[in-house]
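This is what each chain is made of:
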Amino acid sequence: MLIELLTQAYANKHTIIFGEKEKKLSNKIGRVFDHIQSPKKDTENVKFIKNLSQTNTYFSIGTLNGFVHSSSNLPVAQDLINFADNFESYMSLIIEDLNEGKNE
């Protein structure tokens, strides 16, 4: 939920309008991440986005969604730590951007 809210807040700030093909959260994240990273792409970031959109990877949005909406598919602590590590840079970049100019 936090990832989705941050993604939408960034899109609103930068007037990014999601099209019909971007109804899925992974597509929205990919579009926002491309906007944030456009001047400085690196292989780690590309891997992050690739993992998000694949349905069979452990760190995909689909897997995270399965954890959130299933009462029988509960992650162990290490799974949550791994997800947090995977999303840390994405969320940090958005939070930094959303906070720009607030303390001036």
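Here, every reference points to the structure presented above.
Residues numbered from 1 in each chain as written. Predicted model: local features only at pLDDT ≥ 70, side-chain atom pairs only at ≥ 80, totals over all residues. Heavy atoms only, no water.

Trainee: Any chance you could break down the overall build of the protein for me, citing the residues and the numbers?
Mentor: Scanning the protein from terminus to terminus reveals five helices and zero strands. Within the protein, the fraction of its 104 residues that count as buried is 33%. For the protein, contacts bridging at least 24 residues in sequence account for 47% of all contacts bridging at least 6. Only carbon and sulfur atoms are counted for the fraction: they give 54% of the accessible area of the protein, which is about 7000 Å². (Helix = DSSP H or I, 4+ residues; strand = E, 2+ residues; numbered from the N terminus. Buried < 20%, exposed > 50% of the residue type's maximum accessible area, 1.4 Å probe, protein only. Contact = heavy atoms within 4.5 Å. Areas by Shrake-Rupley, 256 points an atom, 1.4 Å probe, with all protein chains shown as cover.)

Trainee: So what's going on with the environment of F87? Which residues, and what values?
Mentor: When you line up the elements, F87 lands in helix α5 (residues 77-99). Sequence-wise, F87 and I3 are 84 residues apart; in three dimensions their C-alpha atoms are separated by 8.3 Å.

Trainee: Explain the pattern of salt bridges residue by residue, including any values.
Mentor: Using the criterion set out here, one finds two salt bridges in the structure. Between K13 and D97 there is a salt bridge, with the nearest N and O atoms lying 3.3 Å from each other. Residue K13 is found in helix α1 (residues 2-13), and its partner D97 is found in helix α5; the two are separated by 84 residues along the sequence. When its relative accessible area of 12% is taken as the criterion, D97 is described as buried. K23 is the salt-bridge partner of E20, the closest N and O atoms lying 3.1 Å from each other. Classification of K23 as exposed rests on a relative accessible area of 60%. (Salt bridge = Lys/Arg side-chain N within 4 Å of Asp/Glu carboxyl O.)

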